[in-house]
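Listed below are the residues making up each chain.
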Amino acid sequence: MAYDKFNILTSTAVPLPIENVDTDQIIPARFLKATERVGFGDNLFRDWRYNHDNTPKADFVLNDPTYSGKILVGGKNFGSGSSREHAAWAVYDYGFRCVVSSFFADIFKNNCLNIGVLPVQVSAEFLEKIYAAIFADPSTQLEINLPEQTITLLPTGEKESFDISVYKKDNMTNGFDDIDYLQSMKTEIEEFATHLPL
Amino acid sequence: MSKTLFDKVWDKHVVRKIEGGPDVLFIDRHLIHEVTSPVAFLGLKSRGATVLYPNRTFATADHNTPTINQHLPVSDPLSANQLKALETNSAEYGISHWGLGHQKNGIVHVVGPEYGITQPGSTIVCGDSHTSTHGAFGAIAFGIGTSEVEMVLAAQCIMQQKPKSMRINITGSLGYGVTPKDVALFIISKLTTSGATGYFVEYAGEVFEKMSMEGRMTVCNLSIEMGARGGMIAPDQTTYEYVAGREFTPKAEAWDKAMAYWLTLKTDADAVFDKEYTFDGSSIEPMITYGTNPGMGMGISNAIPDAEQVEGGVATYEKSLNYMGFHEGDSMIGKPVDYVFVGSCTNGRIEDFRAFTSLIKGKHKADNVTAWLVPGSHIVEAQIKEEGLLDILTEAGFTLRQPGCSACLAMNDDKVPAGKYAVSTSNRNFEGRQGPGARTMLASPLVAAAAAITGKVTDPRTLLQEKELV
Ligand code: SF4
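For every chain, the first residue of its written sequence is number 1, and the numbers climb from 1 along that sequence. Here the convention is simple: chains get letters from A, ligands get numbers from 1, in the order in which they are written. Only residues with pLDDT of at least 70 get local features here, since the model is predicted, and only at 80 or more are side-chain atom pairs given and counted; chain-wide, interface and lining totals rely on the full set of residues. Hydrogens and water are ignored here; the side-chain numbers use all heavy atoms of the structure.

### Some details on a negative patch on the surface
And step 1. Negative charge collects at one region of the surface, where Asp306, Glu308, Glu318 and Glu328 of chain B lie side by side.
And step 2. Whether a residue is buried, partly exposed or exposed follows from its accessible area with a 1.4 Å probe, protein chains only, as a fraction of its type maximum: under 20%, in between, or over 50%, in that order. Residue classification places Glu308 of chain B among the exposed residues on the basis of a relative accessible area of 66%. For patches, a residue must show more than 30% relative accessible area and have no salt bridge; joins then use 9 Å for like charges and 5 Å for nonpolar side chains, namely Val, Leu, Ile, Met, Phe, Trp and Tyr. Only the protein chains shown count as cover for residues, and all accessible areas are computed by the Shrake-Rupley method using a 1.4 Å probe. Definition used for salt bridges: Asp or Glu carboxyl oxygen within 4 Å of a side-chain nitrogen of Lys or Arg. Charge assignment: positive for Lys and Arg, negative for Asp and Glu; neither His nor the chain ends contribute. Where a charge lies is defined by one atom per residue type: Lys uses NZ, Arg uses CZ, Asp uses CG and Glu uses CD.

Here it is as structure tokens:
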């Protein structure tokens, strides 16, 4: 599915300083019943965000007007658990284009990269700095520079670089996906398949 | 250069290496189900693409399906809609479809091995993270997202960075009452839920060599719970005996050719892993989890650790214990149990029902417990009946449900009510996993059986003699 190209993102950020945020929290299983990709943003963090009677929980950060922006800052081991891409869709559809954490679960990270959400892994120290800055001043802006592979706390200019493969970076800056690439090598794949042992 | 088992299988499947990027990996077998495939098919359509090898993909309905009255129409319109989409998409693209009511229907990771779709040395993916189950056969098997499902349908390949390698050795033998599930929960409690992120694990050592295929599947199934992309065990005689003669396994000459390949699937003696752990099998106790991730597990006779003793932030730890209604230092023995769930792709195989039955035999279900016993497939269901297990279960006050994922992720009606405690043989104790507000304790079928008849958390070893175990 096509997504918006990613280049340089400057935005305020939403802090969620919880570790091991699993995909069942990001999008509970009962919201996986759609046969189309619609409405997932509404159910992002559903059970942390809403009470059983669907009234918003005032103490959850997404319901707190103090914090907003296109960047979600999560605790260590973000996105553990299920392979449901719906979790990444929910993050994207809600309006986030980037998730920052000190550690990501593998499949979630892959899913994000495939649908246009940039996972930015920073050191534990830098993560603490980001939280401190946002809590001190929620209007704090972060700059995510994909071509340069850097994340900068704009008020102080402190920055860190992050990893991403050249291939994925290329995809994200152009809004391409893997299927476009694979389809271009169809003959090679078919030829390869004839030599497999199984 | 010496290679690991993982290297051997991986390298055989690399179609192309992309400079500064992932490898293009050929996928031998693709399993799909109703929840993570509909959007992939939509994507395929909107691109005007088709399925490259329909005979390499197999569809089964499991996540959403009811586990009683499967002959009736599915009442939830959204679930019914997903089941219908799987059926229509499979038909349109010529994919084998084992829908609800089909004799081969069951949990995707239970039926794959049963029909011989799972083979040593193959690459297997599915839009479900517990695809790691199939690693028990010496296959590279892992869960993928929906974009990747679309990718495999369109091109039979996916793009993957080769993960790092880890070996986990368990030496010696297991004590009585200690099952493969306990081994897995033990490992995860040692490594934490992110301890193997970025790695592909090989399990080795005597404990796994002696383990049945069912047990190996349970262990490999849980690899993802320590963050690993997957886990695998080198194929051996136990493996070949299991796969021989199944519907989709190679026959005659093809079998000989496959066997020649399979016999090469061992880690070379001097191969080096990026990380290696060794544990003593005899030190493992029956395990139970007390928190809201599978890494929060402990020997059943221990006390819940203090926040300082565990990795991670104190706030996260306290949030977790609060959710469970437990406190640091509590003993787990004697904790109340309202629900018992035996099933899922982790522990929904025949051996699990044999273990459960061996403990409840001649006893009676506790009145305060609601028990859901859900076989992983129709084959398992039939075996339970043929082996006389159903009679023992019935005698003890239990009923058997029909195959499906059920309370593992509670997408159907099998939901544990808010605040209630469940001892579950499934794989995740995340907040709300078994229903909003549900409190899950993960354990083996034996610990589940002990809970089911005493109505509280009980060490199964206090209820049965070593000789009574199957
Ligand atoms: S039983 Fe649970 S983990 Fe296994 S396939 Fe079904 S939902 Fe996934």
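Read on, since the account is not over.
### Some words on the side chain of Thr12 of chain A
All names here are of chain A.
And step 1. Going along the chain from the N terminus, every DSSP run of H or I of four or more residues is numbered as a helix, and every run of E of two or more is numbered as a strand. Note on placement: Thr12 falls in the loop between β1 (8–11) and β2 (13–16).
And step 2. A distance of 2.7 Å separates the side chain of Thr12 from the backbone oxygen of Ser68, its partner in a polar contact.
And step 3. Any two residues having at least one pair of non-hydrogen atoms within 4.5 Å are treated as being in contact. Excluding residues within four positions of it along the chain, Thr12 makes contact with Ser68, Gly69, Lys70, Ile71, Pro138, Ser139, Thr140 and Gln141. Nitrogen and oxygen atoms within 3.5 Å of one another constitute a polar contact, given that in protein one can donate a hydrogen and the other can accept it, and given that sequence-neighbouring residues count only through two side-chain atoms.

### Regarding the interface of chain B and chain A
And step 1. Counting residues at the interface gives 74 residues for chain B, matched by 55 residues for chain A.
And step 2. Contact between chain B and chain A buries roughly 5,400 Å² in total, counting both sides, with carbon and sulfur atoms accounting for 60%.
And step 3. Joining two parts hides part of their accessible area as seen by a 1.4 Å probe, and the buried area is that hidden amount summed over both. The largest contributions to the chain B side of the interface with chain A come from Arg16, Arg47 and Met159 of chain B, which together make up 10% of the buried area.
And step 4. The shortest N-O distance in the salt bridge between Asp76 of chain B and Lys33 of chain A comes to 2.5 Å.
And step 5. At the surface where chain B touches chain A, the tally comes to 26 residue pairs in polar contact (both at pLDDT 80 or more).
And step 6. Elements that contribute at least two residues to the side of chain B that touches chain A include exactly β1 (14–17), β2 (23–26), α2 (38–47), α3 (77–93), α5 (146–155), β8 (157–160), α10 (252–262) and α11 (314–324) of chain B.

### So, the packing of aromatic side chains
And step 1. Stacked, tilted and edge-to-face are the three classes assigned to paired rings of Phe, Tyr and Trp, where Trp is represented by its six-membered ring and a pair needs centres within 6.5 Å; plane angles under 30 degrees give stacked, over 60 edge-to-face, the rest tilted. With the rule as written, the count across this model stands at 28 aromatic pairs over all chains.
And step 2. With 6.1 Å between their ring centres and 5 degrees between their planes, Tyr240 of chain B and Trp262 of chain B make a pair best called stacked. Of this pair, Tyr240 of chain B sits in helix α9 (residues 237–243) while Trp262 of chain B is found in helix α10, placing the two residues 22 residues apart along the sequence. Like Tyr240 of chain B, the residue Trp262 of chain B is buried in the burial classification.
And step 3. Ring centres of Trp255 of chain B and Trp262 of chain B lie 5.3 Å apart, and the angle between their planes is 90 degrees; this geometry places the pair in the edge-to-face category.
And step 4. Ring-pair connections join several aromatic residues into one group, and the members of that group are Phe58, Trp98, Tyr115 and Phe248 of chain B.
And step 5. Whether a charge lies above a ring is judged from NZ of Lys or CZ of Arg, which has to be within 6 Å of the ring centre and within 35 degrees of the ring normal. Geometry around Tyr50 of chain A places Arg46 of chain A over its ring, the cationic atom sitting 4.3 Å from the centre.
And step 6. When the ring centre of Tyr242 of chain B is taken as reference, the NZ or CZ atom of Arg246 of chain B above it lies at 3.8 Å.

### Observations regarding empty space enclosed by the protein
Residues and elements named next belong to chain B.
And step 1. In the cavity and pocket records, a cavity denotes points on a 1 Å grid over the protein atoms alone where a 1.4 Å probe fits but cannot get out, a pocket denotes an open set with protein on both sides within 12 Å along at least 5 of 7 lines, and lining residues are residues with an atom within 4 Å of a point. Grid points are joined across faces, edges and corners, and a volume is the space filled by probe spheres set on the points. Per the counting criterion, the structure on display carries 5 cavities of 30 Å³ or more.
And step 2. Counted as a void, the largest cavity has a volume near 220 Å³.
And step 3. His63, Asp128, His130, Leu409 and Arg433 are, among the 25 residues lining the largest cavity, the residues nearest its centre.
And step 4. Looking at the lining of the largest cavity, the elements with two or more residues in it are α4 (108–114) and α12 (344–347).
And step 5. Just so you know the grouping, Ala, Val, Leu, Ile, Met, Phe, Trp, Tyr, Cys and Pro go in nonpolar, Asp, Glu, Lys and Arg go in charged, and all remaining residues, Gly too, go in polar. In terms of residue class, the lining of the largest cavity is built from 9 nonpolar, 11 polar and 5 charged.
And step 6. In this entry, domain limits derive from an automatic or database-based domain assignment. Counting contributing residues per domain, the lining of the largest cavity is built from domain 1 (5–275) and domain 2 (287–468), each supplying no fewer than three.

### As for the site of the ligand
Residue and element names in this part refer to chain B.
And step 1. Any residue with at least one heavy atom within 4 Å of a molecule or strand is counted as near it. With respect to spatial proximity, the complete set of residues near the ligand consists of His63, Ile107, His109, Asp128, His130, Ser344, Cys345, Cys405, Cys408, Leu409, Asn427 and Arg433.
And step 2. Pocket occupancy is defined atom-wise: a molecule lies in a cavity or pocket when more than half of its atoms are within 2 Å of its grid points. Counting atoms within 2 Å of the grid points, the majority share of the ligand lands in the largest cavity.
And step 3. Of the residues in the shell around the ligand, the class split is 5 nonpolar, 5 polar and 2 charged.
And step 4. For the shell around the ligand, the two domains that each supply at least three residues are domain 1 (5–275) and domain 2 (287–468).

### A short note on the sheet that holds strand β7 (residues 150–153) of chain A
Residue and element names in this part refer to chain A.
And step 1. For two strands to pair, DSSP has to find at least two bridges joining them. Read across the open sheet, the 4 strands follow the order β1-β6-β7-β8; overall the sheet is antiparallel. For this open sheet the edge positions go to β1 and β8 (158–161), each flanked by a neighbour on one side alone. The sheet shows a mean angle of 15 degrees between the axes of neighbouring strands, taken without regard to direction.
And step 2. On top of the sheet, helix α5 (residues 124–136) reaches β6 (142–145), β7 and β8; it is set at about 40 degrees to β7, its chief contact. Inter-axis angles, ranging from 0 to 180 degrees, are taken between N-to-C directions of lines fitted to C-alpha atoms, where helices are fitted over the stretch in contact.

### Regarding the pairing of strand β3 (residues 71–74) of chain A
Residues and elements named next belong to chain A.
And step 1. The two faces of β3 match: Ile71 and Val73 on one face and Leu72 and Gly74 on the other face are all buried.
And step 2. Examined bridge by bridge, β2 and β3 share 4 bridges and lie parallel to one another. Opposite Val14, over in β3, you have Leu72 as the bridge partner.
And step 3. For a crossover, the right-handed case is the one in which the path from the first strand over the helix to the second runs clockwise, viewed with the strands pointing away from the viewer. In this fold, the crossover linking β3 to strand β4 (residues 98–101) by way of helix α3 (residues 86–94) has right-handed handedness.

### Quick word on the pattern of salt bridges
Where charged atoms from two side chains of opposite charge approach closely, those side chains can pair.
And step 1. Throughout the structure, instances matching the rule amount to 30 salt bridges over all chains.
And step 2. Between Glu188 of chain A and Arg16 of chain B there is a salt bridge whose closest N-O contact spans 2.6 Å. Residue Glu188 of chain A is located in helix α8 (residues 186–193), and its partner Arg16 of chain B is located in strand β1; the two belong to separate chains.
And step 3. Look at Glu188 of chain A and you get partly exposed, because its relative accessible area is 28%.
And step 4. Residue Arg461 of chain B pairs with Asp459 of chain B through a salt bridge whose shortest N-O separation is 2.9 Å.
And step 5. The class for Arg461 of chain B is partly exposed, based on a relative accessible area of 25%.
And step 6. Relative accessible area serves as the criterion here: at 10%, Asp459 of chain B is assigned to the buried category.
And step 7. Here the residues in one salt-bridge network are Asp177 and Asp180 of chain A together with Arg47 and Glu150 of chain B, joined through shared partners.

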